[in-house]
Amino acid sequence: MMVTFVSQCEKNAIRKTRRVLDAFANRIGDNTWQTLITEDGLDTVRKMLRKTASKSTAVSCHWIRSRSRTQLLWIVGNKKQFNLEGQVPVNRTEQDLLWSDAENNWKYLPLIKAFVGLAGLLHDWGKATKLFQDKLNPESKNRFKGDPLRHEWISCLLLTALIKAGKDPSQDESWLEPFLNESIDEQQLQASLLGVSDNCSPFCNLPDAASVLLWLVLSHHRLPKPEETSKFGDQTNEKPQRLLARISQQWGYENRFDADEFNQRLPDCFAFPQGMLSRSSNWLKALSHRARQLQEHLPLFAAAVQDGSWRTIAHHARLCLMLGDHYYSSQPEDVRWPVSVNLFANTHSDGPNQGQFKQRLDEHVVKVSEVAVRACGMLPRFERDTPVAEDVPKLKPPKSASPDIKKQFGWQDKAVSVIKNYRQDNDDKVSGYFIVNMASTGRGKTLANAKIMQALSEDQQSLRFVLALGLRTLTLQTGDEYRERVGLNEEELAVLIGSRAILDLHKGAKEPQEKENQLQELEAFGSESYEPLLDEQDELYGFDDDDRWQDLLPEEELTTVLTGRKERALLYAPVLACTIDHMMAATETTRGGRYILPSLRLMSSDLVIDEVDDFTGEDLVAIGRLIYLAGMLGRKVMISSATIPPDLALGYFTAYQKGWAVFAASRYQNSQVACGWTDEFKTQLVTVSQGKDATARYQLAHKDFVDKRVSKLRNEPVKRRAEIVPLAEPESEESRQNEFFNTIRQAILSKHLEHHEQDAQTGRNISFGMVRCANIRPCVELTEYLLDAEWLEHVEIRTMAYHSQQVLLLRHEQEKHLDQVLKRNRPVNDPEGVFQQPEIREHLDSGDSTDLIFILVTTPVEEVGRDHDFDWAVVEPSSYRSIIQLAGRVRRHRPAEADNSAPNMGLLQYNLKGYRGEAKDVFSRPGYEQGKWQLFSRDLSDLVDEKALGRSVDATPRMIKDSKVQLGKV
């Protein structure tokens, strides 16, 4: 093929591009190349160009199809240098996009800057105390565990005292006056401070702007959090004052390790022998400037309070303030700073000067304010200039596909068409989208999620989203699937795996002691902003760290945030598949800056939560907060699972709608939300307006979709039927587990006899089955029992234990073997069928029994993300959801049997905990029972409709409310 390359590169990219293209093509102009090349050769050129690409790269490739026609094949780098046909503009005009954003869309950006600038100047005001300065003094020998009152609490008390001392404390103009006039009366402030500090809730009845400013200062290291979560109460914060009314110093701002020591050191928290910074002319001048900015925008803030978008202002302002503090705390002191006060903000944390004074207090707060305001100016770019994945060929509808493939996966492209038509019909006036993907297990939800998110992108051709999952293994599998089936390369996809228990961030105050000690060490140096923003144990898979993602944004203020590949991947990777704990940090971080990166990511990235109903209890509430934040930042959200209950969908829609309402009010955006539902049968979108009837409208549309889905499911050929396997009462307590295992053994034999296939070469009856255990120890013990058990003479077994605590190397080999053997889309006796797999063939040829049973004894690790196909399953029940998920592994790749009257799933009457007679949390870990939420029976026969299971095992009972199941009394 004859191709022409056109380069519109700039700066260093010119040299790099010429080096690549000169090796493959003839240069026929300064920036033009032409050559004859094969398709493989052209792929190599593209890969090499992408490997060296940066934001200054722009290369187009044109295929010369005939004398009169050329075709644009691809563009590497900045696509804005070319139009859709690959043509280059003859003229350019420039516009200040930052000003345009503030003028046309970011209407509250000047207000955010004003708050951040003033908060930066006041955030460490409380470090002027005698206690804090003595702590920093390298000659001081006092090494206490923590300050009686934290410095940010003192800063807030100082600000509150200044407000209360004003002419009219109920008006914001009153407390701004001393800042505007550069006249802070320290004696009056000291007297007012004593009165404020005696109040158990000192921040009540403050004016609106003062409340937000106080919130920023108070929370710039940690969020207020009482020791007893019941003190939060079930209250909303319609106005900024409500945010502060309940807060006292016991909400994480006092360190009362020893009562005598606390009382002895407390007076030093209110002593200011070196003054309160008012002798610093630079500080006063900066205060006056920022106070004037805030004063000018008070009418704009009044509008924000009325429409509720003050929450967005507070969120963005806190983010930028913490970015500024994080950055400047890492910098060396400014040696040219004029010395006017003998107060310091921090000390050197390492190096030869460790423990010595570093930045002066007035220098620190002024510089933090400047950096934070600059970060505010970059907020529109975090939304606009982050990279996307484009030209993903595998997401396009296939030109030719077999009827079976179309029947199985054709619904994905139909869903994309419905979404595009909806956007066209509404002229793209609706920008908020909340999508529920309820496609059945095995129908390609993961790939469909990518196609749908592409259809929802601004240009309907690009990808930028986060796929958040609960399991490490499922995250890795999804990453592999996106590489292989979606065709994303290492520059477009990153897989980030959390090292800690899922969602432990939000679960309370019991953080690891090691981390607590580390934070106290950082506090001793005068700044907690040195804390790393990602765990060192976090693992990153994929994502090439090259020049392609360097300097996409002005990164001076981000140098302490983007410290390595993991951090750059979280912010920049077009598609990020990660364990959900990484994104939960945006809402669940109560101390430190770990919420900064996920919050920045959510500003530009849509959110997909896969298997969303796999979480329980507090996890579900935390996910609701994440969905609210995504809506508040103007992102689209999709939740995906075959078993989403109606109440869960409604709760998350409500969270998203409320978040989107805040976003729409803060921008010039339509407040309506497009609610979508999709499955293998149909895709439906409904526009829901804000208002009292929004919930009812959503419920009605959801019920309508589910009713149609249930009707379609009942007309589908039945692949799975289930029966309850009764458990007899054992002869003694000691034999209870053996009786449980023996019942499973009998169920295995029964299922094998009813669901086997015959090997054409040996005539042996073969089946592949699965036994699902709730927990790992019984899984291993059952495997040993089955291997030691006496079977009928004509029966042999081969069994394997598969669980999440297996040695990683062995587990990897297990999964490789299972993925190969249990791919059952070919007839078993076909040359490529399972019976011809070398390992299986060896077993079939080596025995003389008439029946050979392959048994996988597993745990919930098999339920999600495994593309395996079994002939039958025996299940220890934990929840109805787990039964449905496991059913998706029975005859997953094959159509229904011709004679499918015999159940191919056996559900044990009790799980092992229930069979042992445990009184509480029987269906728990895994399962949904916890605390006071207990089912009225432990007998599966009482809890499920056995006749319905005998007709078909599908997600219907999860999708429709069941009023028959009752909770028991605890």
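Residues numbered from 1 in each chain as written. Predicted model: local features only at pLDDT ≥ 70, side-chain atom pairs only at ≥ 80, totals over all residues. Heavy atoms only, no water.

### Let's talk about the overall build of the protein chain
Counting its regular elements, the protein chain contains 36 helices and 21 strands. Relative to the compact-globule value of 30 Å for 970 residues, the protein chain shows a C-alpha radius of gyration of 32 Å, a close match. When each of the 970 residues of the protein chain is scored for burial, the buried share is 56%. Put simply, 78% of the contacts in the protein chain that link residues at least 6 apart link residues at least 24 apart. (Helix = DSSP H or I, 4+ residues; strand = E, 2+ residues; numbered from the N terminus. Rg over C-alpha atoms; globule rule 2.2 N^0.38 Å. Buried < 20%, exposed > 50% of the residue type's maximum accessible area, 1.4 Å probe, protein only. Contact = heavy atoms within 4.5 Å.)

### Re the environment of Gln-190
Topologically, Gln-190 is positioned in helix α8 (residues 186–197). Apart from the residues lying within four places of it in its own chain, the contact partners of Gln-190 are Phe-270, Phe-272 and Met-276.

### Observations regarding the packing of aromatic side chains
Scanning the model with the defined rule gives 22 aromatic pairs in all. Geometrically, the ring pair formed by Phe-740 and Phe-741 is tilted, given 6.3 Å between the ring centres and 55° between the ring planes. Each of the two residues, Phe-740 as well as Phe-741, counts as buried. Relative to Tyr-785, the ring of Phe-741 has its centre 5.6 Å away and its plane inclined at 55°; by these criteria the two rings are tilted. (Phe/Tyr/Trp six-rings, centres within 6.5 Å; stacked < 30°, edge-to-face > 60°.)

### A short note on the sheet that holds strand β5 (residues 70–77)
Pairing in this open sheet of five strands is antiparallel, and the strands run β2-β3-β1-β4-β5 from one edge to the other. Of all the strands in the sheet, the pair left with one neighbour each is β2 (26–29) and β5. Adjacent strand axes in the sheet meet at a mean angle of 25° when their direction is disregarded. Taken together, the seven bridges between strand β4 (residues 58–64) and β5 define a ladder with antiparallel strand orientation. Paired with Ala-58 across the bridge in β5 is Gly-77. Against the sheet, helix α1 (residues 12–22) touches β1 (2–7), β2, β3 (32–36) and β4, its axis set at about 20° to β3. (Pairing = 2+ DSSP bridges. Axes fitted to C-alpha atoms, helices over the stretch in contact; angles between N-to-C directions.)

### Some remarks on the confidence of the model for the protein chain
On average, residues of the protein chain score 87 in pLDDT, and 91% of them reach the 70 mark or higher. Between residues 499–522, whose pLDDT stays under 50, and residues either more than four places distant or in other chains, the model counts 44 contacts. (pLDDT = per-residue confidence, 0-100.)

### Considerations on the domain arrangement of the protein chain
One can read the domain layout of the protein chain as domain 1 (2–88), domain 2 (122–228 + 235–383), domain 3 (393–399 + 410–499 + 535–714) and domain 4 (722–959). Inter-centroid distance (C-alpha atoms) of domain 3 to domain 4 is 33 Å. Counting residues at the interface gives 23 residues for domain 3, matched by 19 residues for domain 4. For the domain 3 and domain 4 pair, buried surface summed over both sides reaches about 1,700 Å², with 55% attributable to carbon and sulfur atoms. When the buried surface of domain 3 facing domain 4 is broken down by residue, Thr-441, Gln-477 and Thr-643 rank first, second and third, together holding 30% of it. A salt bridge links Asp-613 to Arg-958; its shortest N-O distance comes to 2.7 Å. Counting across the interface, domain 3 meets domain 4 through seven residue pairs in polar contact (both at pLDDT 80 or more). Contributing elements (two or more residues each) for the side of domain 3 that touches domain 4: α20 (472–486) and α27 (694–715). For the side of domain 3 that touches domain 4, the leading source of residues is α27, giving five residues. (Domains from an automatic or database assignment. Buried area = accessible area lost by both parts, 1.4 Å probe. Salt bridge = Lys/Arg side-chain N within 4 Å of Asp/Glu carboxyl O. Polar contact = N/O pair within 3.5 Å; in protein donor to acceptor, adjacent residues only side chain to side chain.)

### Structural notes on α8
Along its twelve residues, α8 runs 16 Å from first to last C-alpha, staying within 8% of the 16 Å computed at 1.5 Å per residue. Among the residues of α8, Glu-186, Leu-189, Ser-192, Leu-193, Val-196 and Ser-197 are the ones counted as buried. The buried residues of α8 all sit within an arc of 130° when viewed along its axis, so they share a single face. Looking at α8, the residues exposed on the side facing more than 90 degrees away from the buried face are Gln-187 and Ala-191. Residue Asp-185 occupies the N-cap position of α8, its side-chain oxygen lying 3.2 Å from the main-chain nitrogen of Gln-187. (Expected span 1.5 Å × (residues − 1). Arc of directions from axis to C-beta.)

### Structural notes on the pattern of salt bridges
Enumeration according to the criterion identifies 49 salt bridges in this entry. In this structure, Glu-716 engages Arg-443 in a salt bridge whose closest nitrogen and oxygen atoms are separated by 3.5 Å. Taken together, the residues Glu-716 in the loop between α27 and β15 (722–725) and Arg-443 in the loop between β6 (432–437) and α19 (445–456) connect sequence positions 273 residues apart. For Glu-716, a relative accessible area of 31% gives the class partly exposed. Arg-443 gets classed as buried once you look at its relative accessible area, which sits at 13%. The closest approach of N and O atoms between Asp-704 and Lys-708, which form a salt bridge, is 3.4 Å. Of the two residues, Asp-704 and Lys-708 both sit in helix α27, four residues apart, roughly one turn of that helix. For Asp-704, a relative accessible area of 33% gives the class partly exposed. Salt bridges sharing partners connect three or more residues here, namely Glu-757, Arg-824, Asp-869, Asp-871 and Arg-894.

### Examining helix α4 (residues 109–122)
Helix length check: α4 (14 residues) gives 20 Å between terminal C-alpha atoms against 20 Å at 1.5 Å per residue, within 8%. With twelve of 14 residues buried, α4 is to be regarded as a mostly interior element. Leu-109, Leu-111, Ile-112, Ala-114, Phe-115, Val-116, Gly-117, Leu-118, Ala-119, Gly-120, Leu-121 and Leu-122 are the residues of α4 that are buried.

### A short note on unusual backbone geometry
Following Arg-925, the chain continues into Pro-926 via a peptide bond in cis, with omega recorded as 5°. Along the chain, Pro-926 falls in the loop between α33 (912–916) and α34 (940–943). One non-glycine residue with positive phi stands out, namely Gln-460, at about 65°. With respect to the helices, strands and loops of the structure, Gln-460 is situated in the loop between α19 and β7 (465–469). One non-glycine residue, Arg-925, lies in positive phi territory at about 50°. Following the sequence through the fold, Arg-925 ends up in the loop between α33 and α34.

### So, the nonpolar core
Soluble globular proteins tend to bury their nonpolar side chains together. In terms of nonpolar packing, the biggest core is built from 195 residues, with Trp-175 and Trp-283 touching the most fellow members. Not counting residues up to four positions away in its chain, the partners in contact with Trp-283 are Leu-121, Leu-122, Trp-125, Ile-184, Met-276, Leu-277, Ser-278, Asp-362, Val-365 and Val-366. Counting 34 residues, the second largest nonpolar core, distinct from the first, contains Val-392, Ala-415, Ile-497 and Val-864. (Core = buried A, V, L, I, M, F, W, Y, C linked by side-chain atoms within 4.5 Å.)

### Brief notes about the state of the cysteines
This structure, assessed with the given rule, holds zero disulfides. Not engaged in a disulfide, the cysteine Cys-156 finds its nearest cysteine sulfur in Cys-204; these two sulfurs lie 14 Å apart. In this model Cys-320 remains outside any disulfide bridge; the closest cysteine sulfur is found in Cys-376, 3.6 Å from its own. (Disulfide = S-S within 2.5 Å.)

### Some words on the pairing of strand β11 (residues 606–610)
The side chains of a regular strand alternate, residue by residue, between the two faces of the sheet. Within β11, five of the five residues are buried, which leaves it mostly tucked inside the rest of the structure. Burial along β11 is two-sided: Asp-606, Val-608 and Asp-610 facing one way and Leu-607 and Ile-609 facing the other are all buried. Pairing geometry for β7 and β11, over four bridges, is parallel. Within β11, the residue paired with Phe-465 across the bridge is Asp-606.

### Here's the deal with the packing of helix α9 (residues 208–218) against helix α13 (residues 298–307)
Where α9 contacts α13, the axes come no closer than 10 Å and their chain directions differ by 85°. As summarised for this structure, α9 and α13 are arranged roughly perpendicular, according to the angle between their axes. Between α9 and α13, the residues in contact are Asp-208, Ala-209 and Val-212 and Leu-298, Phe-301 and Val-305, respectively. Of the residues in the contact of α9 with α13, the class split is five nonpolar, no polar and one charged. (Parallel < 35°, antiparallel > 145°, perpendicular 65-115°, else oblique. Nonpolar A, V, L, I, M, F, W, Y, C, P; charged D, E, K, R; others polar.)

### Topic: a nonpolar patch on the surface
Judged by side-chain polarity, Val-807, Leu-809 and Leu-810 come together as a nonpolar surface patch covering roughly 310 Å² of accessible area. Its location among the elements puts Leu-809 in helix α30 (residues 808–821). (Patch = residues over 30% accessible without salt bridge, like charges linked within 9 Å, V, L, I, M, F, W, Y side chains within 5 Å. Areas by Shrake-Rupley, 256 points an atom, 1.4 Å probe, with all protein chains shown as cover.)

### Quick look at the environment of Gln-934
For Gln-934, the position within the fold is in the loop between α33 and α34. Between the alpha carbons of Gln-934 and Val-922 there is a distance of 8.5 Å; along the sequence they are twelve residues apart. A polar atom in the side chain of Gln-934 sits 3.3 Å from the side chain of Arg-938.

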